[in-house]
Every structure is written in C-alpha cells, then in structure tokens.
Amino acid sequence: MPEHAAPGRHLPEDAVPAPMPSRRRVLGAVTVSAAAALPLLGRAPVAEAAPRRAARELIYVNTWKGEHIYGAWFDPVRGDLTPIGPVGEADADWAVPHPALPVLYVATMDEGGVVYAFRIDRTTGALTRTGEVATGGAGMGGGGVAYIGVDEPSRTLLVANFEGGLAAALPIARTGELGPPASVVQDAGSGPNPRQAGPHPHHVAIDPSGRFALVADFGADRVFVRRFDRPTRTLHTGGGGGPRAYATAPGSGPRRVVFHPGGRTLYLLNELTADIQTLRWDPAHGALTHRQTLPIGAPSADGTRSASDLAVSRDGRFVYAGDRGGNALAVLATHPVTGLLTQVQRVPCAGVTPWSFSLHPGGRWLLVANEASGTVDVFAVDRRSGRLTGTGASLAVPNPDSVTFYRP
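Residues numbered from 1 in each chain as written. Predicted model: local features only at pLDDT ≥ 70, side-chain atom pairs only at ≥ 80, totals over all residues. Heavy atoms only, no water.

Draft legend 1. Expanded view of the pairing of strand β9 (residues 145–151). β9 sits mainly inside the fold: seven of its seven residues count as buried. Relative to strand β10 (residues 156–161), β9 is paired through six bridges, and the arrangement is antiparallel. Bridging across to β10, isoleucine 148 finds its partner in valine 159. Connecting the antiparallel pair β9 and β10 is a turn made up of four residues, with arginine 155 showing a positive phi of about 50 degrees. (Buried < 20%, exposed > 50% of the residue type's maximum accessible area, 1.4 Å probe, protein only. Helix = DSSP H or I, 4+ residues; strand = E, 2+ residues; numbered from the N terminus. Pairing = 2+ DSSP bridges.)

Right, dumping it as structure tokens:
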C-alpha cells in the first residue's frame, strides 16, 4: 500500500451526514462584571459592540486547572470574537452541547470523574448548573475526565475517565438531565513512559454502525474496541479473551480517534510520539489494521514531542492535527479512494501550546486554544485546499484548553 497519495474528489459513498451541534467546553454559575471581562486582542474595535444578533453564536472556553469557564460571541460571517467574560465556575476539562436543548455537559477534574450539566441562557451565555453525575475512580491530581461526547441515537453521554482508567455511558433524559452510569468498563494496561503507570482513557468514539465503542487509552498504548448496545446503553467488556484491542508502539500514548465519513477508515493521533496512524476499520468484526503512520510534530525546546487534537472536515477531504511540542497545526489531505494521508501544510498556531482546537460546523473557521499564551486564536479555512490562514482575531483567556461552539 502506498504511503502517500494525492488528494482528489471523494466518491459519493464518502458523503457526510449533517452533523450535530459541535463539541466542547463550558461551565458554571454566572459572575460577569466589567472588571472580569477580558479584552479582545487583534481586532479591538469589534469588542465595543456585540455582533449582529442574526449571525452571532456562543463559544465557551475551558481553562486548564482553572476555576471558571469563559464565554464569547462568535460572528461566523466575519470570524470575529466579542468577549463576555466568566460565565460559570468549575474545574473543567472538556464540554459538549446537547444536540437540541440549551444544555451544556462539562467534564471536570473533580475527584470521582464528575460530569456537570448546565442550562444555557441563550441571550447572555450564562450557565446555571442543574445536576452532576460521578463516573467513578479517585482523582490523582492529573486530569479527571478527559473527554465526553454525545451518541444521539441512544441519547447517551460517553465519558473517558482518564484518572479512573474507565469509560462510562450516562443516560440523557428527554429533559437533558443526566442519569447514573448505565454501564462502566475498566481498562487495563500500562506503558514505558512515567505518565503511563496505568490505563488512562482519553477519547471514546462510536463507530458508524453504532455497534462498537472505540476507546483510545493513553496509558495502555491501546485502542480498545468494545461492543456497544444502544437500546441498553451497555459497553461490553468483550468475549472470553476480553475486549478486542489495537496495540500501538510502546510509549506512543493514544489520544484521539476519528472516523472518516466513509466509515471504513479511522485516524488515530498519538500524543507522546506526535504522529497520526491511518487504520482500516472492519465493522463486521470490530477489527483495526494498520496502514500508515505519519509524523506531525516537531520536538519542543527540551526535546519533548506532544500532539494534542484531531479533526476531520465534514466532506472527509482533510484532517487537522495539533502539535503542542512545535506550536503548530498540521493539515493533511485524504486520498479519495484509499483514505491515506498526505501533509499539505504546517502553520504556526498563533500562540504557545495549542492544547486543542475546534472546527466550526460551517467549515470556514478553526479556533485554537493556545494554553500557555492565554489566547483563543481564529484561523480561516480554505475549504478547497484545506489550508489555514491566521486572521489576527484573538481572545484573551487564562490558560484555555478547549473551545465549544453553541448556536443559540
């Protein structure tokens, strides 16, 4: 199989279904004041007035080991940001909105793997906490819950509990409230890196058939493949030999898994080795087969490699990856038939330590949470070439680690 292939038009089978409202973070009970509001960098005049009401959308920004979630208005026409300030209180690490209701689910670093539910005020962006659910495990000061995502057909919130070493499935009521875990599965394994003393799930993804849940485990150097029963929201531990698993190189630290819209290709981002793997997905047997590995990262000043985030464009033509070690973003084109990757751009992230990023649902913008420089920076996306261009729009937020879009 060739290592690289030129990008092109995708076959009809790669057409992408309309997405749910996009992911990511938010929190709290609202405390906004003139003193707390943060300045907009770059395009200062925009901060003087809110964007046109017909166009504006909300974003929520979580902060690494912080106490607040910050809100801002985003103009999807011009790509401008207008700060709101702190809108909630929580030690949050990730967030995702309900597909239809004004509800935000927030992954926290609280001991016991706690997930919060917040009601969103669509007019002000304020968050009011309405409930919380513990998923298990004892906090060890490192990360708490690393990821949450919604499986809409089963009305389930899937949780990757990093510190607890487990994955959980939480029922979502018709009102948007969360119930106690319907099922919990414990991972096992370790790796050679000091950060891999035990299992640390970092991401959970449901395959296109809805029959399997794939868990990228940073600590175990595995992608666990577990059967998922949507009617009962049950994550199964596997047959007599345990769950199926795809093993990565020792010390690679699997962090993110994303399916190509065609359904037969999976992209895996490894944090510690800063590379992307292209894997063949067999939905009949729940099996993954390696096809390609591409480095995306450069070492930091101290020689450390660190990849952060991964996303696929709606049409499946491009893959985006974050390189924390090299303070850069990588753009890769997918081959229309094989799904193999070719890097087409590497661009500075407009800050320091790109902890994560979010692609706007419309496909025109990418917002990067640059944690160490304390900014959320806006990039324009060329949907024909996939290439990124910094716009200069930048929102000041202390230690941002994730961005969540919400359309009021």
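Draft legend 2. The arrangement of the packing of aromatic side chains in detail. If you walk through the whole model with that rule in mind, you get eight aromatic pairs. Between the aromatic rings of tryptophan 64 and tryptophan 355, the centroid separation amounts to 4.8 Å while the plane-to-plane angle is 35 degrees, which identifies the pairing as tilted. Placement of tryptophan 64 in the loop between β2 (57–63) and β3 (68–75) and of tryptophan 355 in strand β26 (residues 354–359) is noted, with a sequence separation of 291 residues between them. With relative accessibility at 18%, the residue tryptophan 355 sits in the buried group. Between the aromatic rings of phenylalanine 259 and tryptophan 281, the centroid separation amounts to 5.8 Å while the plane-to-plane angle is 75 degrees, which identifies the pairing as edge-to-face. Linking phenylalanine 259 in strand β18 (residues 254–259) with tryptophan 281 in strand β20 (residues 275–282), this pair joins segments that are 22 residues apart in sequence. One aromatic cluster is present, built from ring pairs that chain together Phe74, Trp365 and Phe405. The ring of tryptophan 73 has arginine 56 lying over it, and the distance from NZ or CZ to the ring centre is 3.6 Å. Arginine 226 extends its terminal NZ or CZ atom over the ring of phenylalanine 224, reaching a point 5.3 Å from the ring centre. (Phe/Tyr/Trp six-rings, centres within 6.5 Å; stacked < 30°, edge-to-face > 60°. Lys NZ or Arg CZ within 6 Å of the ring centre and 35° of its normal.)

Draft legend 3. Up close: the sheet that holds strand β7 (residues 114–120). If you walk across this open sheet you meet the four strands as β5-β6-β7-β8, and the pairing is antiparallel. Edge positions in the sheet fall to β5 (92–97) and β8 (127–134), since each of these pairs with one other strand and no more. On average, each strand axis in the sheet is tilted by 25 degrees relative to the strand beside it, whichever way the strands run. Judged from the seven bridges that link them, β7 and β8 form a sheet pairing that is antiparallel. Residue arginine 119 lies in a different strand from β8, and its bridge partner there is threonine 128. (Axes fitted to C-alpha atoms, helices over the stretch in contact; angles between N-to-C directions.)

Draft legend 4. Local environment of the pattern of salt bridges. In total, this model carries 11 salt bridges according to the counting rule given. Measuring nitrogen to oxygen at the nearest pair gives 3.1 Å for the salt bridge that ties arginine 195 to glutamate 271. Residue arginine 195 is located in the loop between β12 (183–186) and β13 (201–206), and its partner glutamate 271 is located in the loop between β19 (265–270) and β20; the two are separated by 76 residues in the primary sequence. One salt bridge in this structure joins glutamate 271 and arginine 324, with 2.9 Å as the shortest N-O distance. Separated by 53 residues along the polypeptide, glutamate 271 in the loop between β19 and β20 and arginine 324 in the loop between β23 (318–323) and β24 (328–334) bring together distant segments of the chain. Judged by relative accessible area, glutamate 271 falls into the buried class, the value being 2%. Of the residues examined, arginine 324 reaches a relative accessible area of 11% and is grouped as buried. (Salt bridge = Lys/Arg side-chain N within 4 Å of Asp/Glu carboxyl O.)

Draft legend 5. Molecular detail of the sheet that holds strand β25 (residues 341–348). Taken together, four strands build an open sheet; the order of strands is β22-β23-β24-β25 and the sheet is antiparallel. Whereas interior strands pair on both sides, the edge strands pair on one side only; in this sheet they are β22 (307–312) and β25. Averaged over all adjacent pairs, the angle separating strand axes in this sheet is 20 degrees, with direction ignored. When β23 meets β24, the two strands line up antiparallel, connected through six bridges. For valine 319, the partnering residue across the bridge sits in β24 and is leucine 332.

Draft legend 6. Spotlight on the confidence of the model for the protein. Summing up the model confidence of the protein, the mean pLDDT is 87 and the portion of residues at 70 or higher is 84%. Note that pLDDT drops below 50 for residues 1–54; the model gives that stretch 177 contacts with residues more than four away or on any other chain. (pLDDT = per-residue confidence, 0-100. Contact = heavy atoms within 4.5 Å.)

Draft legend 7. Spotlight on the environment of phenylalanine 224. Tracing the backbone shows phenylalanine 224 in strand β15 (residues 222–229). When the C-alpha atoms of phenylalanine 224 and alanine 213 are compared, they prove to be 8.1 Å apart, with 11 residues separating the residues in sequence.

Draft legend 8. Representation of the nonpolar core. With 32 residues, the main nonpolar core has Tyr105, Ile148, Leu157, Val159 and Leu178 as its most contacted residues. The leading source of residues in this core is strand β11 (residues 166–171), at five residues. Beyond its immediate sequence surroundings of up to four residues, valine 159 is in contact with Val115, Thr135, Val145, Tyr147, Ile148, Leu166, Ala167, Ala168, Leu170 and Val204. Of all hydrophobic cores here, the second largest spans 17 residues; its members include Ile84, Val106, Ile120 and Leu127. (Core = buried A, V, L, I, M, F, W, Y, C linked by side-chain atoms within 4.5 Å.)

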